[in-house]
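One letter stands for each residue in the lines below.
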Amino acid sequence: MKCEFIKRNHERCGNHAIQGKKFCFWHSPDVSEEMKKTARRQGGKSNKHTPKNDKFIPIKKIESLSDVANLLSDLIYILNCEIPNADSISTKIKLTNSIGYLTNYLISALEKSEMEQKMEALEQLLQEDLYLRRSVPLS
Ligand SMILES: [Zn+2]
């Protein structure tokens, strides 16, 4: 279903209407001005290319380097999804630059998190070793 709103230039809006409604998000009387304002602030008219549930970064507590790596990879993914929505070449270039920038950080976070994991494994081994030594009676 297409939105039935007739624009000032007498053309039909043509956006997809909200499921079961006559109008799209922007023209629906059911959507408050407040919500429209918030949506506008959050990134413009079209989020068509952004996959569902990925519009907002899930906020997860960052406790380790691999959490950092996950966050960076989410951000890169989101920016990448925004490229087709960009309204100008310069915005596309900015997004692409940001992706490159974040990718560098992601690479070093991944390298360091690999180290972190190795260190954790070593610590684990050491502790197990100490535990074994303690529990074996000295002869
Ligand atoms: Zn509409």
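About the criteria used
- Residues numbered from 1 in each chain as written.
- Predicted model: local features only at pLDDT ≥ 70, side-chain atom pairs only at ≥ 80, totals over all residues.
- Helix = DSSP H or I, 4+ residues; strand = E, 2+ residues; numbered from the N terminus.
- Contact = placed C-beta atoms within 7 Å.
- Axes fitted to C-alpha atoms, helices over the stretch in contact; angles between N-to-C directions.
- Parallel < 35°, antiparallel > 145°, perpendicular 65-115°, else oblique.
- Left-handed = near helix turned anticlockwise from the far one by under 90°.
- Nonpolar A, V, L, I, M, F, W, Y, C, P; charged D, E, K, R; others polar.
- Buried ≥ 20, exposed ≤ 12 C-beta atoms within 10 Å, placed from the backbone.
- Expected span 1.5 Å × (residues − 1).
- pLDDT = per-residue confidence, 0-100.

(A) Structural detail: the overall build of the chain. A tally of regular secondary structure across the chain gives three helices and zero strands. Order of helices (α) and strands (β) in the chain, N terminus to C terminus: α-α-α. Long-range pairs, those at least 24 residues apart, make up 39% of the contacts in the chain with a sequence separation of at least 6.

(B) How the structure looks around the packing of helix 2 (residues 65–82) against helix 3 (residues 89–135). Where helix 2 contacts helix 3, the two axes come as close as 8 Å, and the packing angle between them is 160 degrees. The pairing of helix 2 with helix 3 is recorded here as roughly antiparallel in orientation. Once helix 2 is placed against helix 3, the crossing between them reads as left-handed. Each of Leu-65, Ser-66, Val-68, Ala-69, Leu-72, Ser-73, Leu-75, Ile-76, Leu-79, Asn-80 and Glu-82 in helix 2 lies in contact with helix 3, whose residues at this interface are Leu-95, Ser-98, Ile-99, Leu-102, Thr-103, Tyr-105, Leu-106, Ala-109, Leu-110, Lys-112, Ser-113 and Glu-116. By residue class, the composition of the contact of helix 2 with helix 3 is 14 nonpolar, six polar and three charged.

(C) Representation of unusual backbone geometry within the structure. Positive phi outside glycine occurs at His-10, with the angle close to 70 degrees. Along the chain, His-10 falls in the segment before helix 1 (33–41). Residue classification places His-10 among the exposed residues on the basis of 6 C-beta atoms within 10 Å.

(D) Examining helix 3 more closely. Its 47 residues place the ends of helix 3 67 Å apart at the C-alpha level, agreeing with the 69 Å of an ideal helix rising 1.5 Å per residue. Counting buried residues in helix 3 gives one out of 47 residues, a small share hidden from the surface.

(E) Structural context of the confidence of the model for the chain. Scored by pLDDT, the chain comes out at a mean of 82, with 84% of its residues at no less than 70. When pLDDT is averaged over each element of the chain, helix 3 comes out on top at 90 and helix 1 at the bottom at 76. For residues 50–54, every residue scores under 50 in pLDDT, and the model assigns this stretch six contacts once sequence neighbours within four places are set aside.

(F) Just the environment of Gly-20, in detail. The topology assignment puts Gly-20 in the segment before helix 1. According to the C-beta neighbour criterion, Gly-20 is exposed, with 6 such atoms within 10 Å. Separated by 19 residues in the primary sequence, Gly-20 and Met-1 place their C-alpha atoms 8.3 Å from one another.

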